[in-house]
Amino acid sequence: MKKQYFAVLSTLICILGLGLGARAQEGEDTVLGKVPYDFVVSGQVLPAGTYRVSRISTSSRTLEISSDETGASAILIPTFFDDAQTGHAQFSFEHVGNTYFLSAIGTPIGTYSITVPQSAVELALMEQQSASSSGSN
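Residues numbered from 1 in each chain as written. Predicted model: local features only at pLDDT ≥ 70, side-chain atom pairs only at ≥ 80, totals over all residues. Heavy atoms only, no water.

*Asks:* Give me the lowdown on the pairing of strand 9 (residues 89–96), citing residues and values where you can.
*Replies:* Counted residue by residue, strand 9 has eight buried out of eight residues, so it is predominantly covered. Neither face of strand 9 is open: one carries Ala89, Phe91, Phe93 and His95, the other Gln90, Ser92, Glu94 and Val96, and all of them are buried. Sheet topology places strand 9 next to strand 10 (residues 99–107); seven bridges connect them, and they run antiparallel. In the sheet register, Phe91 faces strand 10, and the bridge partner there is Ile105. From the end of strand 9 to the start of strand 10, which pair antiparallel, there are two residues, and Gly97 there has a positive phi angle of about 60 degrees. (Buried < 20%, exposed > 50% of the residue type's maximum accessible area, 1.4 Å probe, protein only. Helix = DSSP H or I, 4+ residues; strand = E, 2+ residues; numbered from the N terminus. Pairing = 2+ DSSP bridges.)

If you want it as structure tokens, here you go:
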């Protein structure tokens, strides 16, 4: 059973992690992007909408993601920063079950990686299984 979950999870991460991302545009000192679905970041569910991501201060890698449109916001601490310049901005997500987890924020100067806790992935898989089994009876 664990092997089956691992196989499904690995496949989803590989397929969706590589190609799925909300398109974003760069601002002077922020990244803006429209996210077409609710998503999870830092343990919070944020509704679909247009989001701005900016660093809290110039001396910190701590980021704030916020939406004037929805009023939602969250503080996040990336686990890794890859300073390879991509030249564009993009939000990337891991899609597990019916849940989208923000997993990276690409900026013109590099990419901030955000770790999605394994416990959150397992919970999303259990919720999907629960919904599937209760819907089939």
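Okay, back to it.
*Asks:* A description of the side chain of Ser66 should follow, citing residues and the corresponding values.
*Replies:* By the element assignment, Ser66 lies in strand 6 (residues 63–66). Exposure remark for Ser66: the relative accessible area of 19% places this residue in the buried category. Ignoring anything within four residues of it in the chain, the contact list for Ser66 reads Thr50, Tyr51, Arg52, Ala72 and Ser73. (Contact = heavy atoms within 4.5 Å.)

*Asks:* Can you tell me about the packing of aromatic side chains, naming the residues and giving the values?
*Replies:* Applying the stated criterion to the full structure yields five aromatic pairs. Seen from their ring centres, Tyr37 and Phe93 are 5.3 Å apart, and the 80 degrees between their planes marks the pair as edge-to-face. Here the residue Tyr37 occupies a position in the loop between strand 2 (31–35) and strand 3 (39–41), and Phe93 occupies one in strand 9, the gap between them amounting to 56 residues. Ring geometry for Phe39 against Tyr51: centres 5.2 Å apart, planes inclined by 85 degrees, an arrangement best described as edge-to-face. Of this pair, Phe39 sits in strand 3 while Tyr51 sits in strand 5 (residues 49–55), placing them 12 residues apart in sequence. When its relative accessible area of 1% is taken as the criterion, Phe39 is described as buried. Here the aromatic residues Tyr37, Phe39, Tyr51, Phe93 and Tyr100 are joined through ring pairs into a cluster of three or more. (Phe/Tyr/Trp six-rings, centres within 6.5 Å; stacked < 30°, edge-to-face > 60°.)

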